[in-house]
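# Examining the three-dimensional arrangement
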Amino acid sequence: MQQQILIVGKEGQLGSTFEELSKSTGWATFTFSTIDKLNLTDPESIKQFFTGKKFDFIINCAAYTAVDKAEEDRETAFKLNSEAPALLAEEAASMEAGFIHISTDYVFGGRHCRPLKPGDPKHPESVYGKSKLQGEEAVLKKHSQSMIIRTSWLYSPYGRNFLKTMLRLAQEKESLKVVFDQVGTPTLASDLAGSILTIIRKTGSKEKKFVPGVYHFSNEGVCSWYDFAVAIFREAGSECRVFPVESGEFPTKAPRPFYSVMDKSLIKNTYEIEIPHWQDSLIKCLKKIKNSGLL
């Protein structure tokens, strides 16, 4: 039986990745929402969109991700990152659909020195982080069959991200400065999206039980933004030089987590998922960009 899956947030990196993967996913039928059909800042628009529709799973990839802008645009950030997910979770509950909501490492303060577990204390230091945490709490309250997946440093051939920015700057500059005191793990969007589809396939076929709750997902390994940039230029064959600097040289309105390495054992053990190392996924992504001309 075909699984009916709704992807909310078609325009973003993850939504675009799901759209690509949907073309080779024969066991599911996908619906992709766009802002003209589903305005997440308008509760009435959300209600009208779902009228007469039925899905087995709803995956919310939409979010307000302009981290610095959120410091001044608090109202919109909370509408998109907190209020909208709560309304989507309510709709999922009304049709008894599984709800998968994508969240972020920013819900933690970043002042840690060991891999973060899902249940560790949260101390968001930015409006973005606070709005995402409130969204998590609202989703879990509104629908018992909800899965929160926190991820970090997301990149892909689509949209704006660190990888594409580095590749663009390498064509414009001979050298760059990149911070070395912010540590985490890059996440290739297709690895995250593919794992989510694996979870849905396994639970839909009764191979595994759908276990709601909070999970972490990123690629394996650890690096700084500086390390990531060095690897990007090495694998891309760029001669652009990268110099490590402290975060203080690049002041931002919103504080960034200094340490956001996440413990992924729960999602790996619950659904028997294997996650690639970030360097292997980087090579895969660069090959796709080169072959597809997506830069």
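For the structure itself, consult the block above.
Since the structure is predicted, the reported quantities are computational estimates derived from the model, not experimental observations. (Residues numbered from 1 in each chain as written. Predicted model: local features only at pLDDT ≥ 70, side-chain atom pairs only at ≥ 80, totals over all residues. Heavy atoms only, no water.)

The next point concerns unusual backbone geometry. Here Trp153, not a glycine, exhibits a phi torsion of approximately 50 degrees, which is positive. By secondary structure assignment, the location of Trp153 is in the loop between strand E5 (146–151) and strand E6 (154–155). What makes Trp153 buried here is its relative accessible area of 10%. Positive phi values are uncommon outside glycine, yet Lys206 reaches one of about 70 degrees. On the basis of relative accessibility, which here comes to 73%, the residue Lys206 falls in the exposed class. (Helix = DSSP H or I, 4+ residues; strand = E, 2+ residues; numbered from the N terminus. Buried < 20%, exposed > 50% of the residue type's maximum accessible area, 1.4 Å probe, protein only.)

The description of two aromatic rings rests on the distance between their centres and on the angle between their planes. A full pass over the atoms with the stated rule returns twelve aromatic pairs. Between Phe162 and Phe228 the ring centres are 5.4 Å apart and the planes differ by 20 degrees, which places this aromatic pair in the stacked class. With a gap of 66 residues between them, Phe162 in helix H6 (residues 162–172) and Phe228 in helix H8 (residues 225–236) connect regions that are remote in the sequence. Using a relative accessible area of 0% as the deciding quantity, one classes Phe228 as buried. Note on Tyr215 and Tyr271: the rings are 6.0 Å apart at their centroids and 50 degrees apart in plane angle, and the pair reads as tilted. One end of the pair, Tyr215, is in strand E10 (residues 213–216); the other, Tyr271, is in helix H9 (residues 265–271), and 56 residues separate them in sequence. Accessibility assignment for this pair places Tyr215 and Tyr271 in one class, buried. A cation over an aromatic ring shows up here: Lys53 above the ring of Phe49, its NZ or CZ 4.5 Å from the ring centre. (Phe/Tyr/Trp six-rings, centres within 6.5 Å; stacked < 30°, edge-to-face > 60°. Lys NZ or Arg CZ within 6 Å of the ring centre and 35° of its normal.)

Turning our eyes to something else, we now look at the pattern of salt bridges. Here the structure, examined in full by the defined rule, presents 17 salt bridges. The shortest N-O distance in the salt bridge between Glu172 and Arg168 comes to 3.6 Å. Placement of the pair is Glu172 and Arg168 together in helix H6, with a separation of four residues, close to one helical turn. Residue Glu220 is joined to Lys264 by a salt bridge in which the shortest nitrogen-to-oxygen separation is 3.7 Å. Of this pair, Glu220 sits in the loop between E10 and strand E11 (223–224) while Lys264 sits in the loop between strand E12 (241–245) and H9; the two residues are 44 residues apart in sequence, bridging distant segments of the chain. Glu220 gets classed as partly exposed once you look at its relative accessible area, which sits at 22%. Bridged by salt links that share partners, the residues Glu220, Lys264 and Lys268 form one connected network. (Salt bridge = Lys/Arg side-chain N within 4 Å of Asp/Glu carboxyl O.)

In this section: the side chain of Asn219. Along the chain, the position of Asn219 falls in the loop between E10 and E11. A relative accessible area of 0% means that Asn219 is categorised as buried. Of the polar contacts made by the side chain of Asn219, one reaches the side chain of Asp191; its length is 2.8 Å. Side chain to side chain, Asn219 and Ser281 meet in a polar contact 3.2 Å long. Look past the residues within four positions of Asn219 in its chain and what remains in contact with it is Thr185, Pro186, Thr187, Leu188, Asp191, Lys264, Ile275, Pro276, His277, Trp278 and Ser281. (Polar contact = N/O pair within 3.5 Å; in protein donor to acceptor, adjacent residues only side chain to side chain. Contact = heavy atoms within 4.5 Å.)

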